[in-house]
Amino acid sequence: MVRSDYHIILASNSPRRQELLGGLDLDFEVRVLPNIEEDYPDDLDTKDIPVYIATEKATAYKNLMTDHDLIITADTVVVLGDEVLGKPTDLDDARRMLRELSGQTHQVMTGVCLMTKERQRSFVVITDVTFKKLTETEIDYYVDKYQPLDKAGAYGIQEWIGYIGVTNLSGSYFNVMGLPVQRIYNELKQF
C-alpha cells in the first residue's frame, strides 16, 4: 500500500489511465491543461520519445503546483521496427496502422513522469506485443465499431481487436493499456 503525503494529480483525460490509477486504491485528482503539445525532436531514440513527451507534459504544470502536489503524466507510443505509430489521423490511417501491425511483433512504450516542485522521476516501460495475421474484414470491423483514433497504434488491447488478435505479450499488459501501474506503484513507494 502506498501512503503519500502528496496530493496526487493525474494529468490525463484518458478514461483508461484514470481507471488503472484508481485500481491502485490511491486518492487522486484529474487535472488537464488544454493544448499541450506532443511534439518531440526528430533525433530522439524511440524509447526516449514517450519519456520526453511525458516530461514536457509535467513541466507544463510546474508553475501551477503547490508544495504538496505530485503530478503524474504519461505518453504511449507504438513502435514497429523504426516507425513510431502515434494516434491515427483518420480511419484510413487507423486501417493502415493495423495492416502494418498484422502478423508482426511491435513494442508499446509508455513514458511516465512523476513530479513535485522539488523532485522529478521519469522512466519508460516497454512491452512486446504480437498480432496474428488480421484479415481486412477484422480490421474494418474494429475500425468501424470501436474508436481507434484516440489510441497509439490505432488499437486498444482491452477491446475486441486485442481479444482476437494478440497472440503473445511479453511485459506489462497494463502498460499496453496506457499506464504501467505496477512500476508506478513501486516508484510512488520510493518517492
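Residues numbered from 1 in each chain as written. Predicted model: local features only at pLDDT ≥ 70, side-chain atom pairs only at ≥ 80, totals over all residues. Heavy atoms only, no water.

A. Molecular detail of the side chain of Glu138. Along the polypeptide, Glu138 turns up in helix H4 (residues 136-145). A polar side-chain atom of Glu138 sits 2.9 Å from the main-chain amide nitrogen of Thr135. If we ignore the near neighbours within four places in the chain, the residues touching Glu138 are Lys132, Lys133, Trp160, Ile161 and Ile164. (Helix = DSSP H or I, 4+ residues; strand = E, 2+ residues; numbered from the N terminus. Polar contact = N/O pair within 3.5 Å; in protein donor to acceptor, adjacent residues only side chain to side chain. Contact = heavy atoms within 4.5 Å.)

B. Structural view of the pattern of salt bridges. Throughout the structure, instances matching the rule amount to 17 salt bridges. One salt bridge in this structure joins Glu38 and Lys57, with 3.6 Å as the shortest N-O distance. Separated by 19 residues along the polypeptide, Glu38 in the loop between strand S2 (28-30) and helix H2 (49-59) and Lys57 in helix H2 bring together distant segments of the chain. For Lys57, a relative accessible area of 10% corresponds to the buried category. As a salt-bridge pair, Arg183 and Glu187 come within 2.8 Å of each other at their nearest N and O atoms. (Salt bridge = Lys/Arg side-chain N within 4 Å of Asp/Glu carboxyl O. Buried < 20%, exposed > 50% of the residue type's maximum accessible area, 1.4 Å probe, protein only.)

C. Spotlight on the packing of aromatic side chains. All told, the structure shown has 5 aromatic pairs when counted by the stated rule. Taking the centre distance of 5.2 Å and the plane angle of 20 degrees together, the rings of Tyr142 and Tyr146 count as stacked. With a centroid separation of 5.7 Å and 80 degrees between ring planes, the pair formed by Tyr173 and Phe174 is classed as edge-to-face. Since its relative accessible area comes to 32%, Tyr173 is described here as partly exposed. The partly exposed category is assigned to Phe174, whose relative accessible area is 32%. Sitting over the face of the ring of Phe191, Arg119 holds its NZ or CZ atom 4.2 Å from the ring centroid. (Phe/Tyr/Trp six-rings, centres within 6.5 Å; stacked < 30°, edge-to-face > 60°. Lys NZ or Arg CZ within 6 Å of the ring centre and 35° of its normal.)

D. Local environment of the environment of Ala152. Looking at the secondary structure, you find Ala152 in the loop between H4 and helix H5 (160-165). A C-alpha to C-alpha distance of 27 Å links Ala152 and Asp27, two positions 125 residues apart in sequence.

E. Spotlight on unusual backbone geometry. Positive phi values are uncommon outside glycine, yet Asp25 reaches one of about 60 degrees. Locating Asp25 in the fold gives a position in the loop between helix H1 (15-22) and S2. The phi dihedral of Ala154 falls on the positive side, at around 70 degrees, and the residue is not glycine. Locating Ala154 in the fold gives a position in the loop between H4 and H5.

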